Amino acid sequence: MKENILGMALLSAISLSAVAHSSHELTSTPPLTASEHALSTYQLAFSSDTQKVQYLTRFHDAILDVKDNYLVLMLNQAQFAELQGNGALIFSRSDANEQVKRAQLTDLPATGRSQSADLESGIPNFPCYPTLAETQQMAQTLAQTYPDFVELKHIGPSWEKSQGLGGHDLIVLVLKNKKKNKWRKRPALYMQGALHAREYTPGATTLKFAKYLLENRETNADINWIMDQREIHILLIANPDGRVLAEQGQLWRKNTNTAYCALDDTMRGVDLNRNFDFAWASPIGGSTGEQCAATYHGPSAASEPETQAIQAYLKGLFKDRRGDLLSDPAPLNTQGVFLDLHSFSRFVMWPWSSELTPSPNAEQLSMMGHRMAAYNGYLAFQTKEIFKTGGSADGYAYGELGVASFTFELGNTFFESCANFEGEIFPNNLNALIYAAKVAKRPYRMPAGPQINDLRLQGAGNEAIPAGTPVQIIATVADDIFGRSLTGQLPPSDAIRKVELTIKRKGKRAKRRIVLPAADGVFDTVSESINFTLDTHRWRKGRYTLTFRAQDAAGQWGPKYAKFLTIDNEAMPGTVAPAADFVADCRKGVCSFDGSVTQDDRNALTYRWVLAGERFLGVFHGEQVEIDYRHAGNYQLTLQVDDSHGFRDIKTVQLALDGIRPPVAQFSYQCSGLTCEFDSSTSADPDGEIVERLWRMGESAPYLPGAKKAVHTFSAPGDYLIALVVIDNDNEFNEVWQTITVSENK
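Our subject in this report is the structure included herewith.

A look at the overall build of the protein
Here comes step 1: Each helix and strand counted, the protein has 15 helices and 34 strands in total.
Here comes step 2: With the C-alpha coordinates of the protein rotated into their principal frame, the extents come out at 100 × 60 × 55 Å.
Here comes step 3: The 746 residues of the protein split such that 55% are buried.
Here comes step 4: Long-range pairs, those at least 24 residues apart, make up 72% of the contacts in the protein between residues at least 6 apart in sequence.
Here comes step 5: Put simply, the protein shows about 30600 Å² of open surface, and 48% of that area lies on carbon and sulfur atoms.
Here comes step 6: Distance between charge centroids for the protein: 11 Å, based on 73 positive and 85 negative side chains.

Given below as structure tokens:
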């Protein structure tokens, strides 16, 4: 019933402008021929955030990479010609992108593909990303290693398996304390990866997150609490057939259903993230009925076995808490969180994408979305602000069931390097995923409460200490910790009212509660510091769990944060803070930093690196990191080192780094009547050579390739705005404009 009401409401609300901005509304256009489908790599420049959003909206499924002033994307000739004709600054890439050549391979058999079971080195050239076969084997190993905490569920077949062509099962890894919760259902966090096959990072993130929870359950109090109080359901690879093709180097997006796109076997299949049974084939655009298109939504809602399996699993996992009308909100006590992991673009998004109006839980979804974006540093917004489409997975989870649903777009490319994945993407998203699990009991309420950030037990940390050792509790408690907002409108925040600490010794029922004071003596602002010394003189031997939570002036409590503190009179207290230091090995555009030279009395150190420049900001983790900063310039590097006793040191240095330098565009001109000659010989590239020039002879004219010298005859006297773009061998470009006056006089 919900789907029918949604369709009627959308039909009445649709605007012509929304249709005009959809790149896949092809109902009035004849299907492309095979040659017209051929893709090439282009670089599309944008001059403002608004223009960037417009291009992302239209070409998201075609984008390979996002830079600070341009996109790299795959387009067919017709799309390129249209953009060029409309005055866009677009040009072919000079490096003949290898990803695109691999994407157009046609020598693979159409069906019955299976990943070699003996491949043990990850996806070729990307050893940090397990193959589908490796992922399934690792899931089996986790189930065998942690039988009290892991359950594997085969929830349905892929398309190829449903047709008897080999194929695979969709496998969900369920994590929970099975003994403690044998007869109890806990609030659930559901997450899935690789619904679009070519997105390597999400699939690896799902497995790595599962391993992290299991491996750190005994030593990390937050993880221990989550495993006892929550259920984590992880669909590791949501599009297994397509994933196998992607592992062989193809930019495969859809499933592999051969019933669609007889024209071109490499374009077959259905975009599973347009196939769900809510707002399917939404009239506001974003998907298409053209079978060969990347966003083909299928012949009917939930036509694909993968979609059917996911929908059935979600209906069994979550209660339906939302009414039939689009305007019906989910109750504020609704439990559960749905996360769909994609790549790329560094976004945190929430429904609607199928409606032009806000969702009825927009305020609550925005609050949680901005909270998670504060952890990973991503841009937060309601999906419709950029992507307008129906039949999406998160739209189904929220629209059909009322579950708090979000989509993460991880990183900057489909083929993210292992250095970026392990040093930046996974660790920065880890705490966002942990936060989602924490608030799963009340996702529409709990995120409105304060967060406790950068919590440390200085003097104890993760180590056992003798009774009497002073432990300094250090943290920031804030109600205004949000990620960046696309709209510029952040959720509301209130002053901090209270911070509460609960102490419980393992094996004992008694608890002790302490109300912690603000470091400055009074709670009266949205962000407060905590610096409290805990007296452990009378503490008995054993492991204690310290649980913290904070309340704001509106009376809203935030989620819990926990630390273990172990008392052992045979242990040696820690008193020496580390001395942060590093060595650097920098080449053009890339730096490797090694923090192993840091001095400390213990070996267990954690490292956080922040590199900031005019066109770059990156946060990385690990003793050794490799950072691709690309552009030459002045940068500030900050290394933060924490030791196992909770002591910290920070080192900040200024670096002048070599890197790619953009070319410089210059031109002169002289006119004889209406004919003018333009000379760009003085243009230069400081670190390479100029490989292409584009000329624009008037503000409404297209950019067209040309030589160093160009001759143009204007149709009439007047003032003309002339542009020159020079492109170097690194695909960097520079543009210069001049207004010239043309007259009929010679």
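Quick look at the sheet that holds strand β32 (residues 709-713)
Within a beta sheet, neighbouring strands are joined by backbone hydrogen bonds and run either parallel or antiparallel to one another.
Here comes step 1: Here we have three strands laid out as an open sheet, ordered β28-β29-β32, and antiparallel in their pairing. Of all the strands in the sheet, just β28 (668-672) and β32 have a single pairing partner and so form its edges. Each strand of the sheet is rotated relative to its neighbour by a mean of 15 degrees, with strand direction disregarded.
Here comes step 2: The pairing of strand β29 (residues 675-679) with β32 spans five bridges and is classified as antiparallel. Paired with Cys 676 across the two strands is His 712, which belongs to β32.

Comments concerning the nonpolar core
Here comes step 1: Counting residues in each nonpolar core, the largest one holds 158 residues, and the members touching the most others are Leu 175, Phe 209, Leu 339, Met 372, Phe 408, Leu 534 and Leu 546.
Here comes step 2: Residue contributions to this core peak at 11 residues, all from helix α15 (residues 418-438).
Here comes step 3: Of all hydrophobic cores here, the second largest spans 20 residues; its members include Phe 593, Trp 609, Tyr 629 and Val 641.

Concerning the packing of helix α9 (residues 200-215) against α15
Here comes step 1: One can describe the packing of α9 onto α15 by two numbers: an axis separation of 11 Å at closest approach and a directional angle of 60 degrees. The two elements α9 and α15 cross, and the hand of that crossing is right-handed. Where α9 abuts α15, its residues Thr 201, Ala 204, Thr 205, Lys 208, Phe 209 and Tyr 212 lie against Phe 421, Ile 425, Phe 426, Leu 430, Leu 433 and Ile 434.
Here comes step 2: A per-class count over the contact of α9 with α15 returns nine nonpolar, two polar and one charged.

Some remarks on the sheet that holds strand β27 (residues 648-657)
Here comes step 1: Spatial ordering of the open sheet is given by β24-β23-β26-β27, a layout of four strands whose pairing is antiparallel. Each edge of the open sheet carries a strand with a single partner, namely β24 (616-621) and β27. Put simply, the sheet's adjacent strands are angled 15 degrees from each other on average, direction ignored.
Here comes step 2: As paired strands, strand β23 (residues 605-613) and β24 are joined by six bridges and run antiparallel to one another. Its bridge partner being in β24, Gly 613 is matched across the sheet by Phe 616.

Things to note about the side chain of Arg 217
Here comes step 1: As for its placement among the helices and strands, Arg 217 is situated in the loop between α9 and α10 (221-229).
Here comes step 2: In terms of polar contacts, Arg 217 uses its side chain to reach the side chain of Glu 218, at 2.4 Å.
Here comes step 3: With residues up to four places along the chain from it excluded, the contact list for Arg 217 reads Phe 149, Ile 223, Asn 224 and Met 227.

A few points about the state of the cysteines
Here comes step 1: Applying the stated criterion across every chain, the model contains four disulfides.
Here comes step 2: Paired by a disulfide, Cys 128 and Cys 418 hold their sulfur atoms 2.2 Å apart. Because the sign of the S-S torsion sets the handedness, a value of about -90 degrees for the bond joining Cys 128 and Cys 418 places this disulfide among the left-handed ones. With Cys 128 in the loop between α6 (98-103) and α7 (132-145) and Cys 418 in helix α15, this pair connects stretches of sequence that are 290 residues apart.
Here comes step 3: According to the relative accessible area criterion, Cys 128 is buried, its value standing at 14%.
Here comes step 4: Overall, Cys 418 belongs to the buried group, its relative accessible area being 15%.
Here comes step 5: Sequential numbering of the bridged cysteines in the protein gives the disulfide pattern 1-4, 2-3, 5-6, 7-8.

Remarks on α9
Here comes step 1: Between its first and last C-alpha, α9 extends 23 Å over 16 residues, near the 22 Å set by a 1.5 Å rise per residue.
Here comes step 2: With 12 of 16 residues buried, α9 is to be regarded as a mostly interior element.

Looking at the packing of aromatic side chains
How two aromatic rings sit relative to each other is set out by the distance from centre to centre and by the angle between their planes.
Here comes step 1: In total, this model carries 31 aromatic pairs according to the counting rule given.
Here comes step 2: On the numbers, 4.6 Å between centres and 40 degrees between planes, the contact of Trp 539 with Tyr 544 is tilted.
Here comes step 3: A relative accessible area of 7% means that Tyr 544 is categorised as buried.
Here comes step 4: When the ring of Phe 667 is compared with that of Phe 678, the centres are 6.1 Å apart and the planes differ by 70 degrees; the resulting orientation is edge-to-face.

Describing the pairing of strand β13 (residues 451-458)
Here comes step 1: Among the eight residues in β13, six count as buried, and that is most of the element.
Here comes step 2: In the sheet, β13 pairs with strand β14 (residues 471-478) via six bridges, with the strands oriented antiparallel. Residue pairing in the sheet places Arg 456 in a bridge with Ile 474 of β14.

Here's the deal with the environment of Val 526
Here comes step 1: Position of Val 526 relative to the elements: it lies in the loop between β17 (511-516) and β18 (527-534).
Here comes step 2: In this structure Val 526 comes out as partly exposed when scored by relative accessible area, which is 27%.
Here comes step 3: In sequence terms Val 526 and Ala 464 are 62 residues apart; their C-alpha atoms lie 34 Å from each other.
Here comes step 4: If sequence neighbours within four positions are ignored, Val 526 has contacts with Val 477, Ala 478, Asp 479, Asp 480, Ser 493, Asp 494, Ala 495 and Ile 496.

Concerning the side chain of Asp 728
Here comes step 1: The topology assignment puts Asp 728 in strand β33 (residues 718-728).
Here comes step 2: Salt bridges are absent for the buried Asp 728, whose nearest opposite-charge side chain, Arg 630, sits at 6.4 Å.
Here comes step 3: Looking at Asp 728, its side chain comes within polar contact range of the main-chain nitrogen of Glu 732, at 2.9 Å.

Things to note about the pattern of salt bridges
Here comes step 1: Inspection of every chain in the model, using the stated rule, returns 26 salt bridges.
Here comes step 2: With a shortest N-O distance of 2.5 Å, Asp 68 and Arg 615 are connected by a salt bridge. A residue pair is termed long-range when its members are at least 10 positions apart, and Asp 68 in the loop between β2 (63-66) and β3 (70-75) and Arg 615 in the loop between β23 and β24 qualify at 547 residues.
Here comes step 3: Residue classification places Asp 68 among the partly exposed residues on the basis of a relative accessible area of 37%.
Here comes step 4: Residue classification places Arg 615 among the partly exposed positions, given a relative accessible area of 34%.
Here comes step 5: When the shortest N-O distance is used, the salt bridge between Asp 265 and Arg 268 registers 3.0 Å.
Here comes step 6: Accessibility expressed as a relative area gives 33% for Asp 265, which makes it partly exposed.
Here comes step 7: Residue class for Arg 268 comes out buried when judged on its relative accessible area of 2%.

A closer look at α10
Here comes step 1: Burial within α10 is extensive, with seven of its nine residues counted as buried.
Here comes step 2: Looking at the buried positions of α10, the neighbouring elements they touch are β6 (169-175), α9, β8 (231-235), α15, β19 (542-552) and β20 (561-567).
Here comes step 3: In this structure Asn 220 caps α10, since a side-chain oxygen of it lies 2.9 Å from the backbone nitrogen of Asp 222.

What to know about a positive patch on the surface
Here comes step 1: Together, Lys 441, Lys 511, Arg 513 and Lys 560 make up a positively charged patch on the protein surface.
Here comes step 2: On the secondary structure map, Lys 441 appears in the loop between α15 and β13.

Quick look at the environment of Ala 684
Here comes step 1: Residue position: Ala 684 is located in the loop between β29 and β30 (690-697).
Here comes step 2: For the pair Ala 684 and Ile 727, spaced 43 residues apart in the sequence, the C-alpha separation amounts to 9.9 Å.
Here comes step 3: When residues no more than four places from it in sequence are discounted, the contact partners of Ala 684 are Pro 663, Val 664 and Ile 690.

Parameters and conventions
- Residues numbered from 1 in each chain as written.
- Predicted model: local features only at pLDDT ≥ 70, side-chain atom pairs only at ≥ 80, totals over all residues.
- Heavy atoms only, no water.
- Helix = DSSP H or I, 4+ residues; strand = E, 2+ residues; numbered from the N terminus.
- Buried < 20%, exposed > 50% of the residue type's maximum accessible area, 1.4 Å probe, protein only.
- Contact = heavy atoms within 4.5 Å.
- Areas by Shrake-Rupley, 256 points an atom, 1.4 Å probe, with all protein chains shown as cover.
- Lys, Arg positive; Asp, Glu negative; His and termini not counted.
- Charge placed at Lys NZ, Arg CZ, Asp CG, Glu CD.
- Pairing = 2+ DSSP bridges.
- Axes fitted to C-alpha atoms, helices over the stretch in contact; angles between N-to-C directions.
- Core = buried A, V, L, I, M, F, W, Y, C linked by side-chain atoms within 4.5 Å.
- Left-handed = near helix turned anticlockwise from the far one by under 90°.
- Nonpolar A, V, L, I, M, F, W, Y, C, P; charged D, E, K, R; others polar.
- Polar contact = N/O pair within 3.5 Å; in protein donor to acceptor, adjacent residues only side chain to side chain.
- Disulfide = S-S within 2.5 Å.
- Expected span 1.5 Å × (residues − 1).
- Phe/Tyr/Trp six-rings, centres within 6.5 Å; stacked < 30°, edge-to-face > 60°.
- Salt bridge = Lys/Arg side-chain N within 4 Å of Asp/Glu carboxyl O.
- Patch = residues over 30% accessible without salt bridge, like charges linked within 9 Å, V, L, I, M, F, W, Y side chains within 5 Å.

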